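Topology and contacts: notes
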Amino acid sequence: MGRRQPAPRAIRLLADVGAALAGGHLSARTGRCPKPAARAERYTPAPRDPRRRTTMGAATSTENAQQSESAPSYWSIMRQGYEELVNAIIRPPRADYDPARLGPTDFEFCGRSYRREDLVLRNARGLALQCSHWAPINSKGEPCVVFLHGNSSARLEGLNQLSVCLGFGLTLFAFDCAGSGRSEGDYVSLGYWEKDDLKCVVDHLRRHGVKKIGVWGRSMGAVTALLHQAREASQKTQPLWGEAPPPIKHTTNAMVLDSPFADFCQLAEELVAKGRERGVVVPTVVTRLALSMLGTSVQSQAGFDIRDLSAIREVPRCRLPALFVCAKMDDFIGALAASRTVPSFD
């Protein structure tokens, strides 16, 4: 479980944007005021040759263009860093892969014949989701585990759980969330829109006779599972007068939650705090200002509010059995960040 790599890039991006927001008065590396530039020597122009003709402003504009190309402006650096920070959230590197890596369509496992069915489902926004379902030939509605991949990943990640699920007599359903892998969509949302993708898959399995469904989510997928369950728990039916409230009808039965982040904004501030150990110092007030600007950009481009990515606020509504998993050596979502959701879980 401790195979994730550190995330210093996210720290550097927040640091660069934060330093720019501070007006250049702070150094992103040290947090100190930058040293003043050395005073330039006085320039004495050379005597003009009266025989030489020049067009007014031509030479000057050419020199300025060359200087601007060789030395980008401070604000262009800030803008580029800010755009990279936005893309790190809603448009991370897309996991592109050859479907052949999903393995054989028909295979034998523990003396039983299995088949992988590839299918396409459409979510509530009309986007096509590329899916795969590994099940025994002539399946009779065995319990199914739906695997939810992490950020910048795809359904290939579910192959790590295939032998475990089949060995326990379960089937495995994995899919590329919208905006990830080979599915349609331009952006990811770290769980906000992905919970609709999960509902689409669960509804499909229910229609095909699967009565017991578990969800196994990692990182973004774990938050997706929590947000999906919290939404179901909040949709209560109003009881008649004098009657007890009806039980919540969950569409899934259990969850495995691998390294869910408790709150996105809190996670971002913790990443900046970790950056101080690497010499990247940004004041907290500047970080929060950057997050406020970031939320506006994410809302306009991907249609969700980063403040809604708060699993710790939603988990008290969940009533399903859940196994929380976290890694001590995970430098991105550590054991403390993941375990914050556990006390809130009933």
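Let us look at the structure shown here. (Residues numbered from 1 in each chain as written. Predicted model: local features only at pLDDT ≥ 70, side-chain atom pairs only at ≥ 80, totals over all residues. Heavy atoms only, no water.)

1. Observations concerning the pattern of salt bridges
For the coordinates displayed, the defined rule picks out 11 salt bridges. Across the pair glutamate 142 and arginine 112 runs a salt bridge, and its minimum N-O distance is 3.2 Å. One end of the pair, glutamate 142, is in the loop between β3 (128-136) and β4 (144-148); the other, arginine 112, is in strand β2 (residues 112-122), with 30 residues separating them in the sequence. Notably, a salt bridge pairs arginine 155 with aspartate 176, separated by 3.8 Å at the nearest N-O pair. In this pair, arginine 155 sits in the loop between β4 and α4 (162-167) while aspartate 176 sits in the loop between β5 (171-175) and α5 (194-207), placing the two residues 21 residues apart along the sequence. (Salt bridge = Lys/Arg side-chain N within 4 Å of Asp/Glu carboxyl O. Helix = DSSP H or I, 4+ residues; strand = E, 2+ residues; numbered from the N terminus.)

2. Looking at the nonpolar core
Most often, soluble globular proteins keep nonpolar side chains buried together rather than apart. Of all hydrophobic cores here, the largest spans 30 residues; its most connected members are Val146, Phe173, Phe175 and Leu205. Broken down by element, this core gets its largest block of residues, five residues, from α5. With 21 residues, the next largest nonpolar core counts Leu85, Val223, Leu227 and Leu309 among its residues. (Core = buried A, V, L, I, M, F, W, Y, C linked by side-chain atoms within 4.5 Å. Buried < 20%, exposed > 50% of the residue type's maximum accessible area, 1.4 Å probe, protein only.)

3. Looking at the pairing of β3
Of all nine residues that make up β3, eight are buried, and the element is covered over most of its length. Where β2 meets β3, nine bridges bridge the pair, whose relative direction is antiparallel. For arginine 116, the partnering residue across the bridge sits in β3 and is tryptophan 134. Connecting β2 to the next strand, β3, in antiparallel fashion are five residues, including glycine 126 with a positive phi near 80 degrees. (Pairing = 2+ DSSP bridges.)

4. Details of unusual backbone geometry
With a phi angle near 60 degrees, asparagine 138 is a residue other than glycine that sits in the positive phi range. If you trace the backbone, asparagine 138 turns up in the loop between β3 and β4. Despite not being glycine, leucine 190 shows a phi value in the positive range, around 60 degrees. With respect to the helices and strands, the residue leucine 190 is situated in the loop between β5 and α5.

5. Some remarks on the packing of aromatic side chains
The final tally for this structure, using the stated rule, is four aromatic pairs. Their ring planes at 70 degrees and their centres at 6.3 Å tell us that phenylalanine 109 and tyrosine 114 sit as a pair that is edge-to-face. Classification of phenylalanine 109 by relative accessible area gives partly exposed; the value is 23%. A relative accessible area of 4% means that tyrosine 114 is categorised as buried. Both rings, one in tyrosine 192 and one in phenylalanine 304, keep their centres 5.9 Å apart while their planes meet at 20 degrees; by these two values the pair is stacked. One end of the pair, tyrosine 192, is in the loop between β5 and α5; the other, phenylalanine 304, is in the loop between α8 (284-302) and α9 (311-314), with 112 residues separating them in the sequence. According to the relative accessible area criterion, tyrosine 192 is partly exposed, its value standing at 23%. With a relative accessible area of 1%, phenylalanine 304 lands in the buried category. An aromatic cluster is present here, built from Phe107, Phe109 and Tyr114 joined pairwise through their rings. A cation sits over an aromatic face here: arginine 182 above tyrosine 97, 5.9 Å from the ring centre. (Phe/Tyr/Trp six-rings, centres within 6.5 Å; stacked < 30°, edge-to-face > 60°. Lys NZ or Arg CZ within 6 Å of the ring centre and 35° of its normal.)

6. Regarding the sheet that holds β5
By definition, the strands of a sheet pair up through backbone hydrogen bonds, in either a parallel or an antiparallel sense. Taking strand neighbours across the sheet as the criterion, the eight strands line up as β1-β2-β3-β5-β4-β6-β7-β8 in an open arrangement whose pairing is mixed. Among the strands making up the open sheet, the edge pair consists of β1 (106-109) and β8 (322-325). This sheet shows a mean twist of 20 degrees between the axes of neighbouring strands, independent of strand direction. Here α5 sits on the sheet in contact with β2, β3, β4, β5 and β6 (213-218), set at roughly 145 degrees to β5. (Axes fitted to C-alpha atoms, helices over the stretch in contact; angles between N-to-C directions. Contact = heavy atoms within 4.5 Å.)

7. Considering the side chain of histidine 204
Position of histidine 204 among the secondary structure elements: in helix α5. According to the relative accessible area criterion, histidine 204 is buried, its value standing at 11%. Beyond its immediate stretch of four places on either side in the chain, histidine 204 contacts Leu119, Leu121 and Phe173.

8. Brief notes about α5
Taking 1.5 Å per residue as the helical rise, α5 with its 14 residues ought to reach 20 Å, and the 20 Å between its terminal C-alpha atoms agrees with that figure. Within α5, 10 of the 14 residues are buried, which leaves it mostly tucked inside the rest of the structure. Within the span of α5, buried status applies to Glu194, Lys195, Asp196, Asp197, Leu198, Cys200, Val201, Val202, His204 and Leu205. Residues of α5 that are buried in the fold lie against β2, β3, β4, β5, β6 and α6 (220-234). In the stretch just after α5, glycine 209 is the one whose phi turns positive, near 85 degrees. (Expected span 1.5 Å × (residues − 1).)

9. Focus on the environment of phenylalanine 175
Tracing the sequence through the fold places phenylalanine 175 in strand β5. For the pair phenylalanine 175 and histidine 149, spaced 26 residues apart in sequence, the C-alpha to C-alpha distance is 8.0 Å. Discounting chain neighbours no more than four positions away, the residues touching phenylalanine 175 are Leu129, Gln130, Cys131, Val146, Phe147, Leu148, His149, Arg155, Asp197, Leu198 and Val201.

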